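Structural overview for review
Read off the chains here:
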Amino acid sequence: MASVHELNRAALDPLRAAQHDWGEATLRRALGKVLAPEAACHLAHPFGDMTGPEQFHDRALSLLKSAWPDVERRDWIVMAGNDDHGQDWVGCGGHFMGTFLAPFLDIPPTGHLAHMRFHEFYRFESGRVVECQALWDVPEVMMQANAWPMAPSLGREFCIPGPSSGDGLFRPPRDDVMSRASKEIVLDMLQHMKRHPSQGGPEVMEMPRFWDARMNWYGPAGIGTGRGIEGFRNWHQIPFLRAMPDRGSKADQVTYHFFGDNNYCAVTGWPNMIQTLTQDGWLGIAPSGKEITMRSLDFWRIKNGKIRENWVMVDILDTYRQLGVDVLARLREFNKARNLGRINPGGGHP
C-alpha cells in the first residue's frame, strides 16, 4: 500500500507534466485538481501572496508563459515527508526553461534560451494542496539578460545542476529511519553553525564533521555557488556572518518546516530567518542597522553520513525591498535605453 507521501508526490505529477508541455487548458485543469480553491500561495517578490489556482495561474505562471512562449518545467528533485508539526509536504526543485522572446517583469528579452531555478514546497491535506511556498530565481534571469543592476556575485553563477547521484526524481521506497537520520544530520549541523561567531571561531562549527570535502553549495543568483567548505565560506558564509552576526539568535520567532526523505532533507519557511544588517560585506549593501526577515527554501543530499550537495534559494529581491532598495525600479533605470519590444527571430535565409 502506498504511503501518504508517495500519494502526495503522485498527486503533483499531472501539474508537473502540464508545465512541461504547457498546454493552457491542461495546466488549468491540473491546477484546479491539485490545489484547493482557497489554497494560500506564497511566491517570491514581486509576485507576492495569492489565493487559489486561478490567481496562481493568472498572476504568475501566465506571465512567464507570455515571455517564454515555449517554456517547459524540468524538475530534478521531488521529495516528500512530514515536519515536526504533523504537516505533510512535497518539495520540488528544478528549472523553467524557454526562449526569452518578450519582457518578463521588465527584464529585456534576449531571443535565446533562458533558465530560472525554482524551489517549490506544497503542503497537503487530504490529498490536496492547501499551501504553497515557492521561490523563483528572478535575479538569475536578469543576469542572463545582462540586466542585473546590483553588485556582482562573489560565487559562481551558472545553470545549477540537479543531484550528481541522479536520484532526485526516482525515489526508492521510503525508509523512515533513514529519513529521520537525514533530518537529524542537517539539524545538528545547523545548531553547530549557529555557534559561530557568538561562541568562537570557525572551528566551533565543526564543518568537516557534517560536510563532505567535495560538497557543492548552490546559492541563489546574487550570491552564487561555492565548491568545498572553503568555497562555501569564502563566497557566502564569511560575508553573510560579517554583515549579520546575530544570525540564528531569533529562531524562536520563526516557523521552520524540516522533513526528510531517505537520503534527502528539506526546509521551507515564510520567513524562516530574522537577523540585523549591522556591518558591511554582504551583497554590496551598506549596513543600515535594520532587522530583516528572510525566506530560505533549501534541499540537502546526504551521502555516507555527510552533506554532499545543498541547494539554497533565498528571496533576494525581497531582502533588498526590506532594506529600501527597489531592484526592479533600478532594473528599469539601468535598461531604459534598451529595446524592450518582443523579439521575432524568424527563419531568415541561408
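None of the values given here were measured: they were computed from a predicted structure. Sequence order as written defines residue numbering, which begins from 1 separately in each chain. Residue-level local features of this predicted model are given only where pLDDT is at least 70; pairs of side-chain atoms are given and counted only at 80 or more, and the full residue set underlies all totals for whole chains, interfaces and linings. Side-chain figures throughout are based on the complete set of non-hydrogen atoms in the structure, without hydrogens or water.

1. Quick notes on the overall build of the protein
Note on conventions: DSSP H or I runs of at least 4 residues are helices, E runs of at least 2 residues are strands, and numbering of each starts at the N terminus. Regarding its fold elements, the protein presents nine helices and 14 strands. With C-alpha atoms as the basis for the radius of gyration, the globule rule is written as 2.2 Å multiplied by the number of residues raised to the power 0.38. Against the 2.2 N^0.38 benchmark of 20 Å for 350 residues, the protein shows a C-alpha radius of gyration of 20 Å, consistent with a compact globule. Viewed in the frame of its principal axes, the protein has a C-alpha envelope of about 65 × 55 × 40 Å. Each residue is assigned to one of three classes by its accessible area relative to the maximum for its type, calculated with a 1.4 Å probe on protein chains only: buried under 20%, partly exposed between the two thresholds, exposed over 50%. Going through the 350 residues of the protein one by one, you find that 54% of them count as buried. The contact rule is simple, with two residues in contact once any of their heavy atoms fall within 4.5 Å. Taking contacts inside the protein between residues at least 6 apart in sequence as the whole, the part at least 24 apart equals 67%. Computed by Shrake-Rupley with a 1.4 Å probe, the accessible areas treat only the displayed protein chains as cover when residues are assessed. Accessible surface for the protein amounts to roughly 14,900 Å². Of this, 52% is attributable to carbon and sulfur atoms.

2. So, the pattern of salt bridges
We count a salt bridge whenever a side-chain nitrogen from Lys or Arg sits within 4 Å of a carboxyl oxygen from Asp or Glu. If you walk through the whole model with that rule in mind, you get 22 salt bridges. Close ionic contact of Asp261 with Arg171 constitutes a salt bridge, the shortest N to O distance being 3.6 Å. With Asp261 in strand S9 (residues 257-261) and Arg171 in the loop between helix H4 (138-144) and helix H5 (176-193), this residue pair connects regions lying 90 residues apart in the sequence. Note on accessibility: Asp261 and Arg171 belong to one class, buried. A salt bridge links Glu333 to Lys336; the shortest N-O distance between them is 2.9 Å. Both residues of the pair, Glu333 and Lys336, belong to the exposed class. Taken together, the shared-partner salt bridges in this structure form one network comprising Asp13, Arg16, Arg73, Asp75 and Glu120.

3. Side note on helix H3 (residues 52-67)
In this scheme, a helix's expected span is set at 1.5 Å multiplied by one less than its residue total. The terminal C-alpha atoms of H3 lie 23 Å apart, and with 16 residues this matches the ideal 22 Å at 1.5 Å per residue to within 8%. A residue's bend is given by the angle between axes fitted to the 7 residues ending at it and the 7 residues starting at it. Of all the bends in H3, the largest measures some 40° and sits at Leu61. Listed as buried for H3 are Gly52, Pro53, Phe56, His57, Ala60, Leu61, Leu64 and Ala67.

4. Examining the sheet that holds strand S7 (residues 211-218)
Strand pairing follows a simple DSSP-based rule, namely that at least 2 bridges must link the two strands. The sheet built from six strands is open, its strands ordered S8-S7-S14-S13-S10-S9 with mixed pairing. Each edge of the sheet is formed by a strand with only one pairing partner; in this case those strands are strand S8 (225-227) and S9. Mean inter-strand twist for the sheet, computed between neighbouring axes without regard to direction, equals 15°. Pairing of S7 with S8, which is carried by three bridges, proceeds in the antiparallel orientation. Axes here mean lines fitted to C-alpha atoms, for a helix over just the part in contact, with angles spanning 0 to 180 degrees between N-to-C directions.

5. Looking at the pairing of strand S14 (residues 306-314)
Within S14, eight of the nine residues are buried, leaving the element largely enclosed by the surrounding structure. Here four bridges tie S7 to S14, and the two strands are oriented parallel to one another. Residue pairing across strands places Asn216 opposite Glu309, the latter belonging to S14. When strand S13 (residues 296-303) meets S14, the two strands line up antiparallel, connected through eight bridges. Within S14, the residue paired with Lys303 across the bridge is Lys306. What sits between the antiparallel neighbours S13 and S14 is a turn of two residues, in which Asn304 has the positive phi angle 55°.

6. Some details on the packing of helix H2 (residues 24-34) against H3
A packed helix pair is summarised by two numbers, namely the angle formed by the two axes and the spacing between the axes. Their axes nearest at 10 Å, the elements H2 and H3 cross at an angle of 145°. The element H2 and its partner H3 pack so that their crossing is right-handed. Touching Glu24, Leu27, Arg28, Leu31 and Gly32 of H2 are Pro53, Phe56, His57, Asp58, Leu61 and Lys65, all from H3. Side-chain classes follow a simple rule in which Ala, Val, Leu, Ile, Met, Phe, Trp, Tyr, Cys and Pro form the nonpolar group, Asp, Glu, Lys and Arg form the charged group, and the remainder, Gly included, forms the polar group. In terms of residue class, the contact of H2 with H3 is built from five nonpolar, two polar and four charged. Here a crossing is taken to be left-handed if its near helix is turned anticlockwise relative to the far helix by less than a right angle, and right-handed if that turn runs clockwise.

7. Side note on the nonpolar core
For the purposes of this section, nonpolar cores are sets of buried Ala, Val, Leu, Ile, Met, Phe, Trp, Tyr and Cys residues that join through side-chain atoms within 4.5 Å. Counting residues in each nonpolar core, the largest one holds 84 residues, and the members touching the most others are Trp68, Trp136, Trp211, Trp282 and Trp300. Residues within four places of Trp68 in sequence aside, it is in contact with Phe96, Met97, Gly98, Thr99, Phe100, Ala114, His115, Met116 and Val141. By size, the runner-up hydrophobic cluster in this structure holds 17 residues, among which are Tyr218, Phe259, Trp270 and Met313.

8. Some remarks on the packing of helix H1 (residues 4-21) against H2
Where H1 meets H2, the closest approach of the two axes is 9 Å, and the angle between their N-to-C directions is 160°. In terms of orientation, H1 and H2 fall into the roughly antiparallel class. For the pair H1 and H2, the sense of crossing is left-handed. Two secondary-structure elements touch here, H1 through Ala11, Leu12, Pro14, Leu15, Ala18 and Gln19 and H2 through Thr26, Leu27, Ala30, Leu31 and Val34. Taken together, the residues that form the contact of H1 with H2 break down as nine nonpolar, two polar and no charged. Oblique is the label for every angle not falling under 35 degrees (roughly parallel), over 145 degrees (roughly antiparallel), or within 65 to 115 degrees (roughly perpendicular).

9. Brief notes about H2
Within H2, the full set of buried residues consists of Leu27, Ala30, Leu31 and Val34. On an axial view of H2, the arc spanned by its buried residues comes to 100°, and they lie on one face. Facing away from the buried side of H2, by more than 90 degrees, are the exposed residues Arg29 and Lys33. Structurally, H2 contributes buried residues whose contacts are with H1, strand S1 (35-43), H3, strand S5 (113-125) and strand S6 (128-136). Directions are taken from the helix axis to each C-beta atom, and the arc is the one they span.

10. Structural notes on the environment of Arg301
Following the sequence through the fold, Arg301 ends up in strand S13. For Arg301, a relative accessible area of 4% translates into the label buried. Spatially, the C-alpha atoms of Arg301 and Phe210 are 12 Å apart, while their sequence positions differ by 91 residues. When neighbours within four sequence positions are excluded, Arg301 is seen to be in contact with Pro163, Ser164, Ser165, Asp167, Asn263, Tyr264, Lys306, Ile307, Arg308, Glu309 and Trp311. At 3.0 Å, the side chain of Arg301 forms a polar contact with the side chain of Ser164. Pairs of N or O atoms within 3.5 Å make up the polar contacts considered here, provided that, within protein, one atom can donate a hydrogen while the other can accept it, and that residues adjacent in sequence are counted only when both atoms are side-chain atoms.

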